[in-house]
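Report on the structure
So you can see what is in the structure, the chains are spelled out below.
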Amino acid sequence: MYKISLITGDGIGPELSESAISVLNTIHDKLDLKFDVTQLSAGDKALSETGKALPDETVESIKQSDACLKAPVGESAADVIVVLRRMLDLYANIRPAKSYPHMPALRDDIDMVIVRENTEDLYIGKEFSLGNSSVALRIISEKASKRIAKYAFETAKQRDSVRKVTCVHKSNVMRVTDGMFARVCGEVARDYPDISFEEMYVDACAMNLIRQPERFDVVVTTNLFGDILSDESSQVVGGLGMAPAANIGDKFALFEPVHGAAFDIAGQNIANPSSFLLSIKMMFDWLGNKHNDAKCIEVGQKLESTIFDLVKSGVKTKDIGGTSSTVEFTKQIADNL
Ligand code: ATP
């Protein structure tokens with residue numbers, strides 16, 4: 001029995017969470033993989049109700065669980081997810097961009113993953129005013145650069161695709177911070193002679209994600225660049241509604257969609273739950289590997305192929321060119337599992 005903590009979030013978060021619970025219940029009942037899901041509050045609603053975007057009880061409950069699922073939260077996201085990433089040392093943010101059939105996508109032949117450093121860079125939130133200027137600290141450490149580079153090469157090693165790591169930075173301008181990041185990635189690359197390695201400036205990478213996305217396999221980059229490039233790569237393969245993410249540390253992991261709370265479509269029953277359901281698939285992979293639980297990995301594969309087949313059959317939400325509601329799409333997934 002796995003203990004799963006679930007932050008239900010803001011905007012479309014509660015709708016995605018209902019979908020996730022329904023699919024997890026189906027897996028629990030039909031596929032005999034046992035979970036105990038605890039719903040937790042964090043985000044804008046928690047802030048207005050309790051005065052804290054990340055209440056202490058939520059943190060405690062997350063720490064007691066085997067893994068955390070987090071639906072998107074709103075304006076207070078930095079006080080929730082950025083804090084959790086640093087508090088739990090979830091240093092690797094894994095954001096796959098994979099083509100699915102019949103997508104309103106730029107490309108239908110892409111299978112790449114962005115490995116984003118998750119604990120440093122401008123996201124440490126050290127900003128202050130200095131006279132009439134505003135300053136933000138951009139911290140890049142050798143230790144964090146090394147472990148994210150290693151994570152990227154280990155990810156490439158496990159993939160049966162091209163086996164290439166592209167280190168994305170801007171060392172021609174930020175010579176000290178990105179210069180070090182690039183150097184460390186290059187040093188780690190020497191330990192993986194079977195995996196090809198290249199460097200690319202972030203602006204060139206943004207262009208190549210549109211022009212030649214097939215050239216990428218694993219991209220490793222710093223926090224802010226990874227945030228921006230993963231929104232772009234998800235759009236290349238069909239949009240944010242299909243984009244999952246994993247925040248992984250040595251002991252714990254948290255899974256969430258790439259996108260935010262999407263207030264523009266909240267409460268309309270049109271959000272695509274696939275981003276969250278595919279995040280659950282990533283959770284199954286992680287739990288399965290951690291606990292040597294083949295069943296868990298198998299169920300994750302089944303969930304992904306069920307989503308794949310459903311979309312292929314033309315049952316899709318509005319964002320990817322269909323007419324199904326969130327609830328209808330979820331019901332189909334649960335039925336087909
Ligand atoms: P943030 O800055 O918190 O990442 P954002 O303002 O950039 O958020 P998102 O919430 O990430 O915006 O989403 C951008 C747009 O993509 C939304 O306004 C919405 O129209 C669309 N979108 C995002 N997620 C989904 C989804 N799961 N299903 C359908 N459309 C979505």
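Residues numbered from 1 in each chain as written. Predicted model: local features only at pLDDT ≥ 70, side-chain atom pairs only at ≥ 80, totals over all residues. Heavy atoms only, no water.

1. Details of the packing of helix H7 (residues 202–211) against helix H8 (residues 223–237)
Viewed as axis vectors pointing N to C, H7 and H8 meet at an angle of 10°, and their least axial separation amounts to 9 Å. By the criterion of interaxial angle, the relationship of H7 to H8 is roughly parallel. Counted together, Val-202, Cys-205, Ala-206, Leu-209 and Ile-210 of H7 and Phe-225, Leu-229, Glu-232, Ser-233 and Val-236 of H8 form the full contact between these two elements. (Axes fitted to C-alpha atoms, helices over the stretch in contact; angles between N-to-C directions. Helix = DSSP H or I, 4+ residues; strand = E, 2+ residues; numbered from the N terminus. Parallel < 35°, antiparallel > 145°, perpendicular 65-115°, else oblique. Contact = heavy atoms within 4.5 Å.)

2. Focus on the domain arrangement of the chain
Along its sequence, the chain is carved into domain 1 (1–95 + 241–337) and domain 2 (106–236). Listed as interface residues are 14 residues of domain 1 and, on the opposing side, 18 residues of domain 2. With both chains or domains summed, domain 1 and domain 2 bury close to 1400 Å², and 52% of this area falls on carbon and sulfur atoms. It is Arg-86, Tyr-91 and Arg-95 that lose the most area in domain 1 upon contact with domain 2, and together they represent 47% of the buried surface on that side. Counting across the interface, domain 1 meets domain 2 through two salt bridges. Salt-bridge contacts for Asp-89 lead to Arg-147; the nearest nitrogen and oxygen are separated by 2.7 Å. The tally of links between domain 1 and domain 2 comes to 10 residue pairs in polar contact (both at pLDDT 80 or more). Secondary-structure elements contributing two or more residues to the side of domain 1 that touches domain 2 are helix H4 (77–87), strand E4 (92–98) and strand E11 (244–248). Broken down by element, the side of domain 1 that touches domain 2 gets its largest block of residues, four residues, from E4. Classifying every residue of the side of domain 1 that touches domain 2 by side-chain character gives eight nonpolar, two polar and four charged. (Domains from an automatic or database assignment. Buried area = accessible area lost by both parts, 1.4 Å probe. Salt bridge = Lys/Arg side-chain N within 4 Å of Asp/Glu carboxyl O. Polar contact = N/O pair within 3.5 Å; in protein donor to acceptor, adjacent residues only side chain to side chain. Nonpolar A, V, L, I, M, F, W, Y, C, P; charged D, E, K, R; others polar.)

3. Observations regarding the packing of helix H9 (residues 274–290) against helix H10 (residues 294–312)
Contact pair H9 / H10: the axes reach a minimum separation of 7 Å and the direction vectors enclose 160°. Classed by the angle they form, the pair H9 and H10 counts as roughly antiparallel. For the crossing formed where H9 meets H10, the hand is left-handed. Seen from H9, the contacting residues are Ser-274, Leu-277, Leu-278, Ile-280, Lys-281, Phe-284, Asp-285, Leu-287, Gly-288 and Asn-289; seen from H10, they are Cys-296, Ile-297, Val-299, Gly-300, Gln-301, Leu-303, Glu-304 and Ile-307. Residues of the contact of H9 with H10, tallied by class, amount to 10 nonpolar, five polar and three charged. (Left-handed = near helix turned anticlockwise from the far one by under 90°.)

4. Some remarks on the pairing of strand E3 (residues 67–70)
Neither face of E3 is exposed, since Ala-67 and Leu-69 on one face and Cys-68 and Lys-70 on the opposite face are all buried. Strand direction decides the pairing type here: strand E1 (residues 2–7) and E3, joined by four bridges, are parallel. In the strand pairing of E3, Ser-5 is matched with Cys-68. Of the pairings in the sheet, the one linking E3 to strand E12 (residues 253–257) comprises two bridges and is parallel in character. Note that in E12 the partner of Cys-68 across the bridge is Leu-254. (Buried < 20%, exposed > 50% of the residue type's maximum accessible area, 1.4 Å probe, protein only. Pairing = 2+ DSSP bridges.)

5. As for the side chain of Thr-166
Along the polypeptide, Thr-166 turns up in strand E8 (residues 164–169). At 2.7 Å, the side chain of Thr-166 forms a polar contact with the side chain of Glu-198. Among all residues touching Thr-166, those that are not within four sequence positions of it are Glu-198, Met-200, Phe-216, Val-218, Val-219 and Val-220.

6. Details of the pattern of salt bridges
If you walk through the whole model with that rule in mind, you get 22 salt bridges. By sharing partners, the salt bridges in this structure join Lys-98, Lys-281, Asp-285 and Glu-304 into a single network.

7. As for the packing of aromatic side chains
Counting across every chain of the model gives seven aromatic pairs. A centroid spacing of 5.0 Å and a plane angle of 20° characterise the contact between Phe-153 and Tyr-192, whose relative ring orientation is stacked. Of this pair, Phe-153 sits in helix H5 (residues 142–158) while Tyr-192 is found in the loop between helix H6 (177–189) and strand E9 (196–201), placing the two residues 39 residues apart along the sequence. For the residue pair Phe-153 and Tyr-192, the accessibility class agrees, reading buried in each case. With a centroid separation of 6.0 Å and 40° between ring planes, the pair formed by Phe-153 and Phe-197 is classed as tilted. Highlighted residues: Phe-153 in helix H5 and Phe-197 in strand E9, separated in sequence by 44 residues. Taking the relative accessible area as the measure of exposure, Phe-153 reaches 0% and is therefore buried. (Phe/Tyr/Trp six-rings, centres within 6.5 Å; stacked < 30°, edge-to-face > 60°.)

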